[in-house]
Amino acid sequence: MKTRTTLLIIYLATFGLVSGTALAEDKPGNVQATEDLPTGEQTATETQAIEATATEEAPTESQSEDADKSATDRPAAEDLATEEGKSLTEEGELLVPIEIVSERILRDMELGIGYVSDDAYKFGRYNGMQEKGPFVIGDLNGRYFTEDGNFYSVRGTNLGLDSRYLLLEVGSQGSYKLFFEYDQLPNYKNNTVKSPFLGIGGDSLTLPSGFDIDNIAGDLNNFELETQRKRAKVGAMFIPAQRWQFDVDFSHENKKGTDATSAAIANTTGSSPGMIGNLTFAALPEPIDQDTDEVNAKLSYVGSDGQVDLKYHMSIFNNNYNALSWQDPFNTAAFGQMSLAPDNEFHQLSLTGGYTLPYNSRLTGVFSMGRMTQNDNYLPYTVNTNASPSPLPQSGLDGEVWLTNAKLKLASRPVSNLRLNAELRYNERDNQTSSAIYDYVLLDSDTFSNTATSRPISYKNTRIKLDANYRFNAITSLRGGYKYNEMKRSYTDAEREKTTEDTLYAKWKVCLLYT
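Here the structure is a predicted model, which is why all the values come from computation and not from measurement.

**Q** Just give me the short version of the overall build of the protein, but keep the residues and values in it.
**A** Check the secondary structure of the protein and you find four helices and 22 strands. Of all intrachain contacts in the protein linking residues separated by at least 6 positions in sequence, the fraction that spans at least 24 positions is 61%. Total accessible area computed for the protein in this model is approximately 32100 Å², and 53% of it derives from carbon and sulfur atoms.

This is the structure in structure tokens:
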């Protein structure tokens, strides 16, 4: 039965504004504060305000004459506000002090208390407001510029919740920038889950003493399916010379919590029939504790007719839980074990660029080469003591895969009605992982007689595309082209080692207008 819950969220907050010292758009111009200017260098806005004040204090003869006119002959206060771009009262006076009107707002802060009227796990899945009760409202945004071009900024959102975000920046205009970033992302999936297992949150799940699957109600334990991602990132940007820029950043992310998975055990002890015997399934709480480290570095050059970027990317993944073992609820004498996501690394170097050619033409290109590795130690074939497979052929996978990608594209519009495109793509996967023969133990069963051979998959894919589009008028155009696709496969038992596809196409397009 589905129920509907109505939520009432109450906000009690204070909002503060602080006048700043530069344009809100973060432009480097006009960075000094009005109060920091010499006497003869007030901003235009302040000068106009002073002149307006002086005019009100010492009316001219023409204003005295206007005072004798009827009210209908004088413009209303709203008209003055529209004409002068100022917020005025009915008497034509400014609503806020002249000091604030003459300066842009660069810093603001919001602090208060919110209240959620009822528990709503799905409502708060990604924002942290899943439970009834109060929460802290905290947002801030501030920027400060100095006369010599230095700047400082801070921005934070949802600081009182599990979905908080914070960014700190400091630097010098046109020279460098340093930053620190912190981010959290919750994922509250379900808080009504129950399981008979003990040790939830760890990598070894057992059942209580005397467990009986037919009388399970008294052994169920409540727990939550939820994960938390916490990421910290630091980086810098430098401009060593004109047209050159260097960016580098490092981030560390941790994901922790409990998720759901499932597994099976084939109980073939004794005279159980079939290859996998009496198959039993169990829904398991999977422990999550994973770390991901990333590094990005980029060197850029921008010229008058083109630009080029040289990039390096590194990603290292570490899983603090290598395996998950559990006791079979249908046969408490049996145990099973499964592997969790293995540790791995990825490194990539890429070069991208573009150049403007004559006849409204543009040439762009991308070339990248990456290397993936994974060498976690193997788990044993099975934890079933009744099984006796042969020794593992090697201690780990020692996996290594090289990825090569290239793309070259030429786009041209030599005349206003004609567009031409030519594109070349090349993708290569070179799997250098060694092949080995393994015993085929299925789901921790007792008996096995088959073997399995690993098949590292490698291929090369080349694609060519030529395209032309000519527009005769506003409603009629003709488009045609050619496509070529070649795939070369180099792995065991491939159905086709090489396949090619050639495609010619043409399309006449007419847009019908209805009146």
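From this point, things continue past the structure.
**Q** So what's going on with the pairing of strand 4 (residues 150-157)? Which residues, and what values?
**A** Note that strand 3 (residues 133-145) and strand 4 share six bridges and pair antiparallel. In the sheet register, Phe145 faces strand 4, and the bridge partner there is Phe151. Where strand 3 folds back on strand 4, the antiparallel hairpin that results is connected by four residues, among which Gly149 adopts a positive phi of roughly 95°. Where strand 4 meets strand 5 (residues 165-172), eight bridges bridge the pair, whose relative direction is antiparallel. Bridging across to strand 5, Asn150 finds its partner in Ser172.

**Q** Please give an account of the packing of aromatic side chains that cites residues and values.
**A** For the structure on display, the rule yields seven aromatic pairs. On the numbers, 5.7 Å between centres and 75° between planes, the contact of Tyr121 with Tyr188 is edge-to-face. You can see Tyr121 sitting in the loop between strand 2 (105-116) and strand 3 and its partner Tyr188 sitting in strand 6 (residues 176-195), a full 67 residues away along the chain. Note on accessibility: Tyr121 and Tyr188 belong to one class, buried. Aromatic pair Phe472 and Trp508: ring centres 5.4 Å apart, planes at 40°, arrangement tilted. With a gap of 36 residues between them, Phe472 in the loop between strand 20 (459-471) and strand 21 (476-489) and Trp508 in strand 22 (residues 498-510) connect regions that are remote in the sequence. The class for Phe472 is partly exposed, based on a relative accessible area of 43%. Directly above the aromatic system of Tyr505 lies the positively charged group of Lys483, at a separation of 5.5 Å from the ring centroid.

**Q** Please provide a residue-by-residue account of the side chain of Gln327, values included.
**A** Counting through the fold element by element, Gln327 comes out in strand 12 (residues 323-327). Here the side chain of Gln327 touches Thr332 through a polar contact of 2.8 Å, landing on its backbone oxygen. If we ignore the near neighbours within four places in the chain, the residues touching Gln327 are Phe197, Leu205, Thr206, Leu207, Thr332, Ala334 and Phe335.

**Q** Break down the nonpolar core for me, with residues and values.
**A** Of all hydrophobic cores here, the largest spans 13 residues; its most connected members are Phe197, Leu205, Ala263, Leu284, Leu324, Trp326 and Met338. Those elements that place two or more of their residues in this core are strand 9 (244-267), strand 10 (278-302) and strand 12. Contact partners of Phe197, with chain neighbours within four places excluded, come to Leu205, Thr206, Leu207, Asn221, Ala283, Leu284, Pro285, Trp326, Gln327 and Pro329. Membership of the second largest hydrophobic core comes to five residues, among which are Val116, Phe135, Ile137 and Leu161.

**Q** I'd like to hear about the sheet that holds strand 7 (residues 204-205), residue by residue, with values.
**A** Ordered in space as 7-12-13, the three strands form an open sheet in which the pairing is mixed. In the strand order of this sheet, the two ends are held by strand 7 and strand 13 (335-339), each with one partner. Sheet topology places strand 12 next to strand 13; five bridges connect them, and they run antiparallel. Opposite Ala323, over in strand 13, you have Ser339 as the bridge partner.

**Q** Give me the lowdown on the pattern of salt bridges, citing residues and values where you can.
**A** One pass over the structure, following the stated rule, counts ten salt bridges. One salt bridge connects Lys177 with Glu169, and the closest N-O pair in it is separated by 3.5 Å. For Lys177, a relative accessible area of 26% puts it in the partly exposed group. Note that Glu486 and Lys498 form a salt bridge whose closest N and O atoms lie 3.6 Å from each other. One end of the pair, Glu486, is in strand 21; the other, Lys498, is in strand 22, and twelve residues separate them in sequence. Its relative accessible area of 14% is what places Glu486 among the buried residues. Residue Lys498 is classed as partly exposed on the basis of its relative accessible area of 49%. Members of the salt-bridge network, linked through shared partners, are Glu181, Asp183 and Arg231.

**Q** Can you break down unusual backbone geometry residue by residue, with the values?
**A** Its identity is not glycine, yet Tyr359 carries a phi of approximately 60°, on the positive side. By relative accessible area, which is 66% here, Tyr359 ends up exposed. A positive phi angle is found at Asn360, which is not glycine, with a value near 55°. Along the polypeptide, Asn360 turns up in the loop between strand 14 (344-357) and strand 15 (361-374). Accessibility expressed as a relative area gives 61% for Asn360, which makes it exposed.

**Q** Give a description of the environment of Asp328 that names residues and reports values.
**A** The topology assignment puts Asp328 in the loop between strand 12 and strand 13. Look at Asp328 and you get buried, because its relative accessible area is 1%. For the pair Asp328 and Thr280, spaced 48 residues apart in sequence, the C-alpha to C-alpha distance is 7.9 Å. Residues within four places of Asp328 in sequence aside, it is in contact with Leu207, Ile265, Asn267, Thr280 and Ala334.

**Q** Can you lay out a negative patch on the surface for me, pointing to particular residues and giving the numbers?
**A** A cluster of acidic side chains, namely Asp118, Asp119, Glu131 and Glu224, defines a negative patch on the protein surface. Topologically, Glu224 is positioned in strand 8 (residues 221-238). Residue class for Glu224 comes out partly exposed when judged on its relative accessible area of 35%.

The rules behind the values
Residues numbered from 1 in each chain as written. Predicted model: local features only at pLDDT ≥ 70, side-chain atom pairs only at ≥ 80, totals over all residues. Heavy atoms only, no water. Helix = DSSP H or I, 4+ residues; strand = E, 2+ residues; numbered from the N terminus. Contact = heavy atoms within 4.5 Å. Areas by Shrake-Rupley, 256 points an atom, 1.4 Å probe, with all protein chains shown as cover. Pairing = 2+ DSSP bridges. Phe/Tyr/Trp six-rings, centres within 6.5 Å; stacked < 30°, edge-to-face > 60°. Buried < 20%, exposed > 50% of the residue type's maximum accessible area, 1.4 Å probe, protein only. Lys NZ or Arg CZ within 6 Å of the ring centre and 35° of its normal. Polar contact = N/O pair within 3.5 Å; in protein donor to acceptor, adjacent residues only side chain to side chain. Core = buried A, V, L, I, M, F, W, Y, C linked by side-chain atoms within 4.5 Å. Salt bridge = Lys/Arg side-chain N within 4 Å of Asp/Glu carboxyl O. Patch = residues over 30% accessible without salt bridge, like charges linked within 9 Å, V, L, I, M, F, W, Y side chains within 5 Å. Lys, Arg positive; Asp, Glu negative; His and termini not counted. Charge placed at Lys NZ, Arg CZ, Asp CG, Glu CD.

Honestly, that's just the spatial picture; any functional story needs more than this.
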